[in-house]
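# Examining the three-dimensional arrangement
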Amino acid sequence: MSLLEDFCGHLRMERIADKEFIGHSRYSATENHVFGGQVMGQALSAACQLVEGRECHSLSAQFLRAGSLQEPIYYTVATLRDGRNFSVRRVSAVQSGRELLTLDASFHLDAQGFDQQPIMPAVAEPESLPTMASYREKFEQLSLNGLYHFLVTNNVFDFRCVDQPSYIELNNRPAVQRMWMRAKHTLPTEQALQRSILAFICDNNFIRTASLPFREQISSQPSQMATLNHSMWIHRPVNLNNWHLYDTHSVNSFGERSLVIGHMYAQSGELVATMVQEGLLRLIDDDAGAAFSENA
């Protein structure tokens, strides 16, 4: 089985009962904890499999606790609404009797209407930028081998950062990141899968944007980053076989919480999706609590 087939299969999951699914963890930047985007992507996939004729246009997820790579995750879907134009599903992700995540997803019939959006930022084209693989030596120097393999070796996506990737940034800079992304090999174009993959991939490098003004402190002292909640609105059809620009910026950090907003643009300039995430970002006294330190 190819990496692409395995990746798509782990998002589609196995249906074990009428409204229940089982998911397994295969892709993570750490040896201990499940990547949050995986749980969100699998939860959306479970919801999509129980809605016909409508596509997910928005979701809201609460991350309750970290998951283990060693145990399967069970997803239960509840029907909250089936109206004339909208359907809503609520998903609970549970592992070893502990709830990891709750997700509400809303689905809408295709419709014609008004069309308006912001202009995509003017940035360098993706093919002119360094590949993530070209930074391997810097990842190794920072002992971030697991993160490198998550981003390059075991990833179906090609990432091209407009500026130096925040993963290896040691200097303070404004809380703004722009990164192109595209599937390395052709993905199925079915919208349920494409949108589940979007939910998976949009958690990558997101809350880290808020850390950019503080990289000098974070690089010299143990820190903790973790997603608390994540919302996403899908405005237009998704096709991640094409280049997309992920334009993210942090609008606020105060106390131990930070807020990040992201816009996903197709290379043609169409605004595909908008994401908002609140996360934990803090320095800690020792590495005992750094479960999410330098995660994806």
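A few points on the structure. Keep in mind that what you see is a predicted model, and the values were worked out from it rather than measured.

What the largest pocket holds in volume is close to 670 Å³. Around the largest pocket, the lining is made up of 20 residues, and of these Ala-111, Ile-234, His-235, Arg-236 and Pro-237 lie nearest the centre. Elements that contribute at least two residues to the lining of the largest pocket include exactly β3 (55-63), α5 (191-201) and β9 (223-234). A per-class count over the lining of the largest pocket returns 7 nonpolar, 8 polar and 5 charged.

Glycine aside, residues mostly have negative phi angles, and peptide bonds mostly take the trans form. At Ser-96, a residue that is not glycine, the phi angle is positive and equals roughly 55°. Following the sequence through the fold, Ser-96 ends up in the loop between β5 (86-95) and β6 (98-108). Take Ser-96: its relative accessible area is 58%, and that puts it in the exposed class. Phi at Asn-205 takes a positive value of approximately 65°, unusual for a residue other than glycine. Position of Asn-205 relative to the elements: it lies in the loop between α5 and α6 (215-218).

Let us now look at the sheet that holds β3. With antiparallel pairing, the 12 strands of this open sheet are ordered in space as β1-β2-β4-β5-β6-β3-β9-β12-β11-β10-β8-β7. Two strands lie at the open edges of the sheet, namely β1 (14-17) and β7 (157-161), each paired on one side alone. Sheet twist, expressed as the average angle between the axes of neighbouring strands with direction ignored, equals 25°.

Counting residues in each nonpolar core, the largest one holds 76 residues, and the members touching the most others are Tyr-75, Phe-139, Phe-157 and Leu-198. If one sorts the elements of this core by residue count, helix α2 (residues 36-48) sits on top with 7 residues. What Leu-198 contacts, discounting residues up to four positions off in sequence, is Met-232, Ile-234, Val-238, Leu-240, Met-264, Ala-273 and Met-275. One finds Val-123, Trp-180, Tyr-265 and Leu-271 within the second-largest nonpolar core, a separate group that totals 7 residues.

Right, let's get into the side chain of Thr-248. Its place among the elements puts Thr-248 in strand β10 (residues 244-254). Residue Thr-248 is classed as buried on the basis of its relative accessible area of 2%. There is a polar contact of 3.0 Å between the side chain of Thr-248 and the side chain of Thr-209. Aside from chain neighbours lying at most four places away, what touches Thr-248 is Ala-175, Val-176, Gln-177, Phe-206, Thr-209, Val-260, Ile-261 and Gly-262.

Between its terminal C-alpha atoms α2 stretches 18 Å, which fits the 18 Å expected from 13 residues at 1.5 Å a residue. With 13 of its 13 residues buried, α2 lies for the most part within the structure.

Rules and cut-offs
- Residues numbered from 1 in each chain as written.
- Predicted model: local features only at pLDDT ≥ 70, side-chain atom pairs only at ≥ 80, totals over all residues.
- Heavy atoms only, no water.
- 1 Å grid on protein atoms, 1.4 Å probe; cavity = no way out; pocket = protein on both sides within 12 Å on 5 of 7 lines; lining within 4 Å.
- Points joined across faces, edges and corners; volume = space filled by probe spheres on them.
- Helix = DSSP H or I, 4+ residues; strand = E, 2+ residues; numbered from the N terminus.
- Nonpolar A, V, L, I, M, F, W, Y, C, P; charged D, E, K, R; others polar.
- Buried < 20%, exposed > 50% of the residue type's maximum accessible area, 1.4 Å probe, protein only.
- Pairing = 2+ DSSP bridges.
- Axes fitted to C-alpha atoms, helices over the stretch in contact; angles between N-to-C directions.
- Core = buried A, V, L, I, M, F, W, Y, C linked by side-chain atoms within 4.5 Å.
- Contact = heavy atoms within 4.5 Å.
- Polar contact = N/O pair within 3.5 Å; in protein donor to acceptor, adjacent residues only side chain to side chain.
- Expected span 1.5 Å × (residues − 1).

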